[in-house]
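# Residue-level structural notes
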Amino acid sequence: MTRKTHLSIFFATLLCISFFSFAEPAQPWKTGNIKLYGLLIPVIQAEEGDINGFIACYSHDMKMPSYPVEEDIYVKGFVSMEGQYKGRIFHPEGYLDMDISPVYTTPSTLCQEYLPSCQDENIECWAGGDTGGYFGHLLRAVDAE
């Protein structure tokens, strides 16, 4: 390859690195909080539009904000998504009757992307759909902001 080609590749690579290094992370459209037994837990509306339901974001990390649901499992926040409820369980669009808890699924990725308490690389957060009991409170939390 010629020196000119090497320089062109070098500058193109440098441009890509600088773009991705300084690009801002996606910001939620609207945020609010729900008060659960005195604790303020974040509620994120990721996109503008109608809200079909919410996923809960869970972690073993007990640092605040967190709401205990089992001995070592805590709710870190909620994220709105398109989908449907079957009873109390929310099924995000594309995940009807599927497990959304693996960290590589889109719902779990949204928890990691939008909730500050899930963004530490040492904290594992995953999604769950058992939010039907909170639905009215979650809507009011997002509408209040």
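Use the structure listed above.
Let me begin by describing the structure that accompanies this report. Source: prediction; values computed, not measured.

Rules used throughout
Residues numbered from 1 in each chain as written. Predicted model: local features only at pLDDT ≥ 70, side-chain atom pairs only at ≥ 80, totals over all residues. Heavy atoms only, no water. Phe/Tyr/Trp six-rings, centres within 6.5 Å; stacked < 30°, edge-to-face > 60°. Salt bridge = Lys/Arg side-chain N within 4 Å of Asp/Glu carboxyl O. Helix = DSSP H or I, 4+ residues; strand = E, 2+ residues; numbered from the N terminus. Buried < 20%, exposed > 50% of the residue type's maximum accessible area, 1.4 Å probe, protein only. Disulfide = S-S within 2.5 Å. Arc of directions from axis to C-beta. Contact = heavy atoms within 4.5 Å. Core = buried A, V, L, I, M, F, W, Y, C linked by side-chain atoms within 4.5 Å. Pairing = 2+ DSSP bridges.

### Some words on the packing of aromatic side chains
Taken as a whole and assessed by the stated rule, the structure comprises five aromatic pairs. Grouped by ring-pair contacts, the aromatic residues Phe-54, Tyr-85, Phe-90 and Phe-135 constitute a single cluster.

### What to know about the pattern of salt bridges
A side chain of one charge can pair with a side chain of the opposite charge when the charged atoms of the two come close. The tally for this structure, following the rule as stated, stands at three salt bridges. Where Lys-76 meets Asp-61, a salt bridge forms, and the shortest distance between an N and an O atom there is 3.5 Å. Separated by 15 residues along the polypeptide, Lys-76 in strand S5 (residues 73-81) and Asp-61 in the loop between strand S3 (53-59) and strand S4 (67-70) bring together distant segments of the chain. Accessibility expressed as a relative area gives 0% for Lys-76, which makes it buried. Among the residues examined, Asp-61 registers a relative accessible area of 17% and is labelled buried. The salt bridge involving Arg-88 is made with Asp-130; its shortest N-O contact spans 3.1 Å. In this pair, Arg-88 sits in the loop between strand S6 (83-86) and strand S7 (89-92) while Asp-130 sits in the loop between strand S8 (125-128) and helix H3 (135-144), placing the two residues 42 residues apart along the sequence. Among the residues examined, Asp-130 registers a relative accessible area of 32% and is labelled partly exposed.

### Description of the state of the cysteines
Here the structure, examined in full by the defined rule, presents two disulfides. One disulfide bridge connects Cys-118 with Cys-125, the sulfur atoms lying 2.1 Å from each other. Every disulfide takes its handedness from the sign of the S-S torsion; for Cys-118 and Cys-125 that torsion is -85°, giving left-handed. Judged on exposure class, the residue Cys-118 and its partner Cys-125 are both buried.

### As for helix H2 (residues 106-114)
Burial in H2 covers these residues: Pro-107, Ser-108, Leu-110, Cys-111 and Tyr-114. Taken end-on, H2 shows its buried residues confined to a sector of 155°, consistent with a single buried face. Along its buried surface, H2 packs onto strand S2 (39-45), S3, S5, S7 and S8.

### Some details on the nonpolar core
In this structure, Ile-55, Val-79 and Cys-111 are the most contacted members of the largest nonpolar core, which totals 17 residues. Residue assignment for this core shows that the elements contributing at least two residues are S3, S5, H2 and S8. Examining the composition of this core, we find that three residues originate from one element, H2, more than from any other. With sequence-adjacent residues up to four places away left out, Val-79 is seen in contact with Ile-44, Ala-46, Gly-53, Phe-54, Ile-55, Cys-57 and Leu-110. The next biggest cluster of nonpolar side chains, apart from the first, holds 15 residues, and it includes Leu-36, Val-43, Ile-73 and Trp-126.

### Side note on the pairing of S6
As a general feature of sheets, a regular strand has side chains that alternate between the two faces. Relative to S7, S6 runs antiparallel, the two being bridged by four bridges. The residue of S7 that forms the bridge with Tyr-85 is Phe-90. In textbook terms, the turn of a hairpin is the stretch between consecutive antiparallel strands, and for S6 and S7 this stretch comprises two residues, one of which, Gly-87, has a positive phi near 70°.

So, to be careful, I would describe these as geometric facts and stop short of saying anything about function.
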